[in-house]
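# Observations on the three-dimensional arrangement
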Amino acid sequence: MADPDRRRTLLDSYENAAVIVSGIDSAELGHPTPCPKYNVAVLIDHLVEAGHRAAALGRGQAPPTGDESPHVELADAPDQLRSAAEEAAQAWGDNSSLWLRHTMPWGEEYTGATLVNMYVAELAAHAWDLARATGQLDKLDPSLALPALEGARAMIKPHYRNMVEPGAPFGAEVSPPPGADDWERLAAFMGRDPRTTLGEDSALARL
C-alpha cells in the first residue's frame, strides 16, 4: 500500500517546531530534554539541521553521514526553520518527488513519500521534546501528533531500535501511560517516557 501524501503535514510540522522554538528563553538552553545527550541548545541545532535535510532530500540530495549539526543562535532558529519549510515546499512540490527512490546513509532505500513521513515524525517528535523540556506542551498542534505517529510506525523497524547504542537511533518503545494523548503516544513509540522527570537516567530515544 502506498504511503499517504503528507507534504502539507510536513510543512505544518516545520511551523509548529518554529512556534515551540520561538517560546524558548535563553536561560533554558542548558536544560535537559527527553533525548539523551541533547540539551535544549543542541536539540535546536539538530532540529534545524533535520529541517534542512528534509528539504535537501526533496531536491534529490542524499543526506551526509553522521549526526553533527552546525550551531544555530536561538534568535535565528525560528526563521531558519521557516526558511527550511519554504525550501521543502519547493523541493517536494512536484508529485513525482513522492515516487523517486532515495538511498539513505545506512544503506536502505525509500520512496520520497516514506521520507516525508519520516521527517514529519522527526520534526514532530523533537518539537514535543523541546515543548516538554521548556513547559510548552500547550503550544503543540494537536493535528500533527496522529499523522506523525502513523508515519513513525510505518517507518521505524524493530532492528532500528538500540542499533548503534542504547537509545540510538531509537530506544525501545515505551508503554504509554493511562489516558495518554496522541502526543504522549508518539513520544512513547519513539522511546520516550512521556511523564518521566527530565534529567533522570533512562533509555530514552534520540533521532
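Use the structure listed above.
Just so it is clear, the model here is predicted, and its values are computed rather than measured.

Thresholds, definitions, all that
- Residues numbered from 1 in each chain as written.
- Predicted model: local features only at pLDDT ≥ 70, side-chain atom pairs only at ≥ 80, totals over all residues.
- Heavy atoms only, no water.
- Helix = DSSP H or I, 4+ residues; strand = E, 2+ residues; numbered from the N terminus.
- Polar contact = N/O pair within 3.5 Å; in protein donor to acceptor, adjacent residues only side chain to side chain.
- Salt bridge = Lys/Arg side-chain N within 4 Å of Asp/Glu carboxyl O.
- Buried < 20%, exposed > 50% of the residue type's maximum accessible area, 1.4 Å probe, protein only.
- Expected span 1.5 Å × (residues − 1).
- Core = buried A, V, L, I, M, F, W, Y, C linked by side-chain atoms within 4.5 Å.
- Contact = heavy atoms within 4.5 Å.

Before going further, it helps to spend a moment on the environment of S97. Mapped onto the elements of the fold, S97 is located in the loop between α3 (77–91) and β1 (101–103). Sequence separation of S97 and G60 is 37 residues, and the distance between their C-alpha atoms is 8.6 Å. A distance of 3.4 Å separates a polar side-chain atom of S97 from the backbone oxygen of W92.

As enumerated under the stated definition, the model contains 10 salt bridges in all. Across the pair R6 and E150 runs a salt bridge, and its minimum N-O distance is 2.6 Å. Remark: E150 occurs in helix α5 (residues 145–155) and R6 occurs in the segment before α1 (7–22); sequence separation between them is 144 residues. Among the residues examined, R6 registers a relative accessible area of 10% and is labelled buried.

Taking 1.5 Å of rise per residue, the 23 residues of helix α4 (residues 112–134) would be expected to cover 33 Å, and the 33 Å separating its terminal C-alpha atoms lies within 8% of that figure. Buried residues dominate α4, accounting for 22 of its 23 residues.

On to the nonpolar core. Where a protein is soluble and globular, its nonpolar side chains tend to be buried together. In terms of nonpolar packing, the biggest core is built from 59 residues, with Y14, I44 and L130 touching the most fellow members. At the level of secondary structure, the elements contributing two or more residues to this core comprise α1, α2 (40–58), α3, α4, α5 and α6 (182–189). For Y14, the residues in contact, after removing those within four places along its chain, are G51, A54, A55, L81, A84, A85, A88 and L123.

Attention shifts here to α2. Between its first and last C-alpha atoms α2 spans 27 Å; for 19 residues at 1.5 Å apiece the expected length is 27 Å, and the two agree. The element α2 is extensively covered by neighbouring structure, given that 16 of its 19 residues are classed as buried. A side-chain oxygen of the first residue of α2 lies 3.2 Å from the backbone nitrogen of A41; this N-cap is N39. G60, located one to two residues past α2, shows a positive phi value of around 90 degrees.

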